[in-house]
Amino acid sequence: MIRSPLFITRIRRLAARRMKVAVSWSTGKDSLMALLRALSSGKEVVCLLTTLTEGYNRVTMHGLRRELLHAQSSSIGLPVFEVWIPPNAPNEVYEERMGRALTELRERHGVDGVVFGDIWLEDVRKYREERMRGTGVEPLFPLWGEDPAGLVEEFLRLGYRAVINVVDASQLDPSRFLGRTITFELIEELSASGKDPAGERGEYHTFVYDGPAFSRPVAFRTGDVVVRDGRFHFVDLIPV
(Lines give C-alpha, C1' and ligand atoms only; values in the text may rest on other atoms or scores of the structure.)
Protein backbone atom coordinates (compact mmCIF):
# COMPACT_ATOMS: atom_id res chain seq x y z
CA MET A 1 0.00 0.00 0.00
CA ILE A 2 1.36 3.42 -1.00
CA ARG A 3 1.38 6.08 1.68
CA SER A 4 1.34 9.78 0.93
CA PRO A 5 4.33 11.92 2.01
CA LEU A 6 2.00 13.83 4.37
CA PHE A 7 0.93 10.59 6.07
CA ILE A 8 4.53 9.43 6.48
CA THR A 9 5.53 12.80 7.94
CA ARG A 10 2.71 12.61 10.47
CA ILE A 11 3.69 9.09 11.55
CA ARG A 12 7.30 10.16 12.02
CA ARG A 13 6.26 13.13 14.12
CA LEU A 14 4.10 10.93 16.34
CA ALA A 15 6.88 8.40 16.73
CA ALA A 16 9.36 11.11 17.63
CA ARG A 17 7.15 12.64 20.31
CA ARG A 18 8.39 11.87 23.77
CA MET A 19 5.92 10.97 26.49
CA LYS A 20 5.34 13.92 28.80
CA VAL A 21 5.21 13.04 32.49
CA ALA A 22 4.96 14.57 35.93
CA VAL A 23 6.90 12.92 38.75
CA SER A 24 5.06 12.37 42.02
CA TRP A 25 7.50 14.18 44.27
CA SER A 26 7.81 13.70 48.03
CA THR A 27 11.31 15.31 48.17
CA GLY A 28 12.79 11.93 49.12
CA LYS A 29 15.14 9.35 47.64
CA ASP A 30 12.51 7.14 45.95
CA SER A 31 11.09 10.13 44.10
CA LEU A 32 14.58 11.05 42.98
CA MET A 33 15.29 7.54 41.71
CA ALA A 34 11.95 7.46 39.87
CA LEU A 35 12.83 10.80 38.25
CA LEU A 36 16.18 9.40 37.08
CA ARG A 37 14.50 6.31 35.62
CA ALA A 38 11.97 8.47 33.77
CA LEU A 39 14.71 10.63 32.27
CA SER A 40 16.89 7.66 31.30
CA SER A 41 13.95 6.05 29.49
CA GLY A 42 13.57 9.13 27.29
CA LYS A 43 10.48 10.65 28.88
CA GLU A 44 10.04 14.40 29.02
CA VAL A 45 9.58 15.41 32.66
CA VAL A 46 7.33 18.46 32.79
CA CYS A 47 7.19 19.02 36.55
CA LEU A 48 7.40 17.65 40.07
CA LEU A 49 3.89 16.94 41.41
CA THR A 50 3.74 17.60 45.16
CA THR A 51 0.95 17.80 47.73
CA LEU A 52 1.23 20.44 50.46
CA THR A 53 -0.87 21.04 53.56
CA GLU A 54 -2.85 24.27 53.74
CA GLY A 55 -2.04 26.51 56.69
CA TYR A 56 1.29 24.80 57.33
CA ASN A 57 3.08 25.44 54.00
CA ARG A 58 4.72 22.06 54.27
CA VAL A 59 4.94 18.98 52.09
CA THR A 60 2.25 16.51 53.13
CA MET A 61 3.56 13.41 54.98
CA HIS A 62 7.19 14.54 54.93
CA GLY A 63 6.48 17.80 56.77
CA LEU A 64 9.18 19.60 54.81
CA ARG A 65 9.07 23.39 54.54
CA ARG A 66 7.85 24.71 51.19
CA GLU A 67 10.98 26.86 50.88
CA LEU A 68 13.18 23.76 50.85
CA LEU A 69 10.93 22.04 48.30
CA HIS A 70 11.38 24.97 45.93
CA ALA A 71 15.12 25.25 46.63
CA GLN A 72 15.35 21.57 45.71
CA SER A 73 13.34 21.94 42.51
CA SER A 74 15.30 25.04 41.50
CA SER A 75 18.58 23.18 41.92
CA ILE A 76 17.26 20.25 39.89
CA GLY A 77 15.84 22.59 37.26
CA LEU A 78 12.23 21.39 37.25
CA PRO A 79 9.17 23.37 38.38
CA VAL A 80 6.85 22.22 41.15
CA PHE A 81 3.15 21.65 40.43
CA GLU A 82 1.53 22.19 43.83
CA VAL A 83 -1.64 20.47 45.02
CA TRP A 84 -2.93 21.96 48.27
CA ILE A 85 -4.74 19.70 50.75
CA PRO A 86 -6.56 20.78 53.94
CA PRO A 87 -5.15 19.46 57.23
CA ASN A 88 -6.51 16.01 58.11
CA ALA A 89 -8.49 16.00 54.87
CA PRO A 90 -10.77 13.01 54.25
CA ASN A 91 -9.80 10.80 51.35
CA GLU A 92 -12.63 12.18 49.22
CA VAL A 93 -11.18 15.69 49.41
CA TYR A 94 -7.68 14.44 48.57
CA GLU A 95 -8.99 12.55 45.55
CA GLU A 96 -11.02 15.54 44.34
CA ARG A 97 -8.03 17.87 44.56
CA MET A 98 -5.75 15.37 42.87
CA GLY A 99 -8.33 14.72 40.15
CA ARG A 100 -8.45 18.43 39.34
CA ALA A 101 -4.65 18.53 39.25
CA LEU A 102 -4.50 15.62 36.77
CA THR A 103 -7.04 17.33 34.54
CA GLU A 104 -5.00 20.54 34.50
CA LEU A 105 -1.75 18.66 33.88
CA ARG A 106 -3.30 16.83 30.94
CA GLU A 107 -5.22 19.70 29.35
CA ARG A 108 -2.84 22.61 29.95
CA HIS A 109 0.54 20.93 30.03
CA GLY A 110 0.08 17.89 27.80
CA VAL A 111 1.03 15.40 30.51
CA ASP A 112 0.46 11.77 29.50
CA GLY A 113 1.59 10.04 32.70
CA VAL A 114 2.55 10.40 36.34
CA VAL A 115 5.69 8.63 37.58
CA PHE A 116 5.55 7.10 41.06
CA GLY A 117 8.40 5.84 43.24
CA ASP A 118 6.57 2.79 44.61
CA ILE A 119 8.67 -0.37 44.83
CA TRP A 120 6.54 -3.32 45.98
CA LEU A 121 3.39 -2.40 47.95
CA GLU A 122 0.61 -3.92 45.85
CA ASP A 123 -2.25 -2.11 47.63
CA VAL A 124 -0.66 1.31 47.03
CA ARG A 125 -0.12 0.58 43.35
CA LYS A 126 -3.66 -0.76 42.95
CA TYR A 127 -5.09 2.36 44.59
CA ARG A 128 -3.19 4.66 42.24
CA GLU A 129 -4.21 2.66 39.18
CA GLU A 130 -7.87 2.64 40.20
CA ARG A 131 -8.01 6.36 40.95
CA MET A 132 -6.31 7.31 37.68
CA ARG A 133 -8.35 5.00 35.48
CA GLY A 134 -10.30 7.06 32.96
CA THR A 135 -8.36 10.27 33.61
CA GLY A 136 -6.34 10.05 30.40
CA VAL A 137 -3.15 10.10 32.49
CA GLU A 138 -1.22 6.85 32.90
CA PRO A 139 0.35 5.81 36.23
CA LEU A 140 3.96 4.66 35.75
CA PHE A 141 6.08 2.66 38.20
CA PRO A 142 9.70 2.56 36.99
CA LEU A 143 11.07 1.22 40.31
CA TRP A 144 8.53 -1.58 40.62
CA GLY A 145 9.96 -4.95 41.63
CA GLU A 146 13.49 -3.69 42.27
CA ASP A 147 15.44 -4.83 45.31
CA PRO A 148 14.97 -2.11 47.99
CA ALA A 149 18.49 -2.39 49.38
CA GLY A 150 19.98 -2.39 45.89
CA LEU A 151 17.97 0.70 45.02
CA VAL A 152 19.26 2.68 48.00
CA GLU A 153 22.80 1.46 47.31
CA GLU A 154 22.48 2.70 43.72
CA PHE A 155 21.26 6.05 45.05
CA LEU A 156 24.44 6.31 47.12
CA ARG A 157 26.79 5.03 44.42
CA LEU A 158 25.45 7.69 42.05
CA GLY A 159 26.56 10.32 44.55
CA TYR A 160 23.24 11.47 46.05
CA ARG A 161 22.83 12.64 49.63
CA ALA A 162 19.70 12.47 51.78
CA VAL A 163 18.83 12.99 55.43
CA ILE A 164 16.14 11.14 57.40
CA ASN A 165 13.64 13.78 58.45
CA VAL A 166 10.72 11.57 59.55
CA VAL A 167 10.70 8.34 61.58
CA ASP A 168 7.72 6.19 62.51
CA ALA A 169 8.48 5.29 66.14
CA SER A 170 6.26 2.21 65.93
CA GLN A 171 8.79 0.74 63.49
CA LEU A 172 12.14 2.44 64.17
CA ASP A 173 13.86 4.07 67.13
CA PRO A 174 13.90 7.83 66.42
CA SER A 175 16.91 8.31 68.71
CA ARG A 176 18.92 6.05 66.42
CA PHE A 177 17.72 7.15 63.00
CA LEU A 178 16.11 10.60 62.98
CA GLY A 179 18.39 13.23 61.44
CA ARG A 180 20.90 10.71 60.11
CA THR A 181 22.32 10.87 56.61
CA ILE A 182 21.65 7.81 54.45
CA THR A 183 24.77 5.63 54.25
CA PHE A 184 25.71 2.07 53.32
CA GLU A 185 26.11 1.34 57.04
CA LEU A 186 22.58 2.54 57.74
CA ILE A 187 21.18 0.24 55.04
CA GLU A 188 22.96 -2.68 56.70
CA GLU A 189 21.50 -1.71 60.09
CA LEU A 190 17.97 -1.66 58.70
CA SER A 191 18.37 -4.95 56.86
CA ALA A 192 19.88 -6.65 59.91
CA SER A 193 16.91 -5.55 62.03
CA GLY A 194 14.42 -6.92 59.51
CA LYS A 195 13.24 -3.50 58.33
CA ASP A 196 12.79 -2.49 54.72
CA PRO A 197 16.03 -0.65 53.86
CA ALA A 198 14.14 1.67 51.51
CA GLY A 199 11.48 2.47 54.12
CA GLU A 200 8.73 1.27 51.80
CA ARG A 201 6.42 0.53 54.75
CA GLY A 202 6.79 4.11 55.94
CA GLU A 203 9.52 3.35 58.48
CA TYR A 204 11.22 6.59 57.56
CA HIS A 205 11.18 9.43 55.02
CA THR A 206 14.03 11.44 53.57
CA PHE A 207 14.98 14.76 52.05
CA VAL A 208 17.45 14.66 49.15
CA TYR A 209 19.72 17.70 49.22
CA ASP A 210 22.61 17.03 46.86
CA GLY A 211 23.81 14.89 43.96
CA PRO A 212 24.60 14.90 40.23
CA ALA A 213 21.16 16.20 39.21
CA PHE A 214 21.57 19.23 41.50
CA SER A 215 23.25 22.39 40.25
CA ARG A 216 24.10 23.17 43.89
CA PRO A 217 23.44 21.55 47.30
CA VAL A 218 20.32 22.63 49.17
CA ALA A 219 21.57 24.23 52.38
CA PHE A 220 19.69 23.62 55.63
CA ARG A 221 20.13 23.17 59.35
CA THR A 222 18.22 20.96 61.76
CA GLY A 223 15.74 22.47 64.18
CA ASP A 224 13.29 21.13 66.73
CA VAL A 225 11.84 17.64 66.78
CA VAL A 226 8.05 17.44 66.68
CA VAL A 227 6.01 14.32 67.51
CA ARG A 228 2.60 13.85 65.90
CA ASP A 229 -0.05 11.31 66.86
CA GLY A 230 2.38 10.04 69.48
CA ARG A 231 4.17 8.15 66.74
CA PHE A 232 5.66 10.19 63.91
CA HIS A 233 8.86 12.07 64.78
CA PHE A 234 9.75 14.99 62.49
CA VAL A 235 13.01 16.91 62.63
CA ASP A 236 12.45 20.39 61.29
CA LEU A 237 14.83 21.23 58.44
CA ILE A 238 15.38 24.96 58.19
CA PRO A 239 16.71 26.73 55.06
CA VAL A 240 19.98 28.61 55.50
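If you're wondering where the values come from, they're calculated on a predicted model, not measured in any experiment.

Caption draft 1: Local environment of the confidence of the model for the chain. With 93% of its residues at a pLDDT of 70 or more, the chain shows a mean pLDDT of 93. Residue range residues 1-16 is modelled with pLDDT below 50. Its contacts to residues more than four positions away, or to other chains, number 1 contact.

Caption draft 2: Representation of the packing of helix α2 (residues 29-40) against helix α6 (residues 148-157). Following both chains from N to C, one finds α2 and α6 inclined at 75°, their axes separated by 11 Å at the closest point. Classed by the angle they form, the pair α2 and α6 counts as roughly perpendicular. Residues Lys 29, Asp 30, Leu 32, Met 33 and Arg 37 of α2 touch α6, and the partners they reach there are Leu 151, Val 152, Glu 154 and Phe 155. Partitioning the contact of α2 with α6 into residue classes produces 5 nonpolar, no polar and 4 charged.

Caption draft 3: Molecular detail of the nonpolar core. Grouped together as the largest cluster of nonpolar side chains are 49 residues, with contacts concentrated most on Trp 25, Leu 32, Leu 35, Phe 155, Ile 182 and Phe 207. Considering each element in turn, this core owes the most residues, 6 residues, to α2. Contacts of Ile 182, omitting those with residues within four sequence positions, involve Val 152, Leu 156, Ala 162, Ile 164, Tyr 204 and Thr 206. With 16 residues, the next largest nonpolar core counts Ala 22, Val 83, Val 137 and Phe 141 among its residues.

Caption draft 4: Seen up close, helix α3 (residues 66-76). The set of residues buried in α3 consists of Leu 68, Leu 69, Gln 72, Ser 73, Ser 75 and Ile 76. An end-on view of α3 places all buried positions within 160° of arc, on one side of the element. Among the residues trailing α3, Gly 77 stands out with phi positive, at a value near 90°.

Caption draft 5: Structural context of the pattern of salt bridges. A full pass over the atoms with the stated rule returns 18 salt bridges. The partner of Glu 146 in a salt bridge is Arg 37, with the nearest N and O atoms 2.9 Å apart. Placement of Glu 146 in the loop between β6 (138-140) and α6 and of Arg 37 in helix α2 is noted, with a sequence separation of 109 residues between them. Classification of Glu 146 by relative accessible area gives partly exposed; the value is 24%. In this structure, the salt-bridge partner of Asp 236 is Arg 58, at a minimum N-O distance of 3.1 Å. Pair noted here: Asp 236 is in strand β10 (residues 232-239) and Arg 58 is in strand β3 (residues 58-59), with a separation of 178 residues, a long-range link. For the residue pair Asp 236 and Arg 58, the accessibility class agrees, reading buried in each case. It is possible to trace a salt-bridge network through shared partners that takes in Glu 54, Glu 96, Arg 97 and Arg 100.

Caption draft 6: Expanded view of the sheet that holds strand β9 (residues 220-228). Read from one edge of the open sheet, 4 strands run β8-β7-β10-β9, paired in antiparallel fashion. Of all the strands in the sheet, just β8 (204-210) and β9 have a single pairing partner and so form its edges. Mean inter-strand twist for the sheet, computed between neighbouring axes without regard to direction, equals 30°. In this structure, strand β7 (residues 161-168) lies alongside β8, joined through 6 bridges in antiparallel fashion. Among the inter-strand pairings, Val 163 is bridged to a residue of β8, identified as Phe 207.

Caption draft 7: Summary view of the packing of aromatic side chains. Under the criterion given, the structure shown has 5 aromatic pairs. Counting every residue linked through ring pairs, the aromatic cluster contains Phe 116, Phe 141 and Trp 144. The cationic tip of Arg 125 hangs over the ring face of Trp 144; the distance from NZ or CZ to the ring centre is 5.0 Å. Above the face of the Phe 234 ring, Arg 228 is positioned so that its terminal group lies 4.4 Å from the ring centre.

Criteria and cut-off values
- Residues numbered from 1 in each chain as written.
- Predicted model: local features only at pLDDT ≥ 70, side-chain atom pairs only at ≥ 80, totals over all residues.
- Heavy atoms only, no water.
- pLDDT = per-residue confidence, 0-100.
- Contact = heavy atoms within 4.5 Å.
- Axes fitted to C-alpha atoms, helices over the stretch in contact; angles between N-to-C directions.
- Helix = DSSP H or I, 4+ residues; strand = E, 2+ residues; numbered from the N terminus.
- Parallel < 35°, antiparallel > 145°, perpendicular 65-115°, else oblique.
- Nonpolar A, V, L, I, M, F, W, Y, C, P; charged D, E, K, R; others polar.
- Core = buried A, V, L, I, M, F, W, Y, C linked by side-chain atoms within 4.5 Å.
- Buried < 20%, exposed > 50% of the residue type's maximum accessible area, 1.4 Å probe, protein only.
- Arc of directions from axis to C-beta.
- Salt bridge = Lys/Arg side-chain N within 4 Å of Asp/Glu carboxyl O.
- Pairing = 2+ DSSP bridges.
- Phe/Tyr/Trp six-rings, centres within 6.5 Å; stacked < 30°, edge-to-face > 60°.
- Lys NZ or Arg CZ within 6 Å of the ring centre and 35° of its normal.

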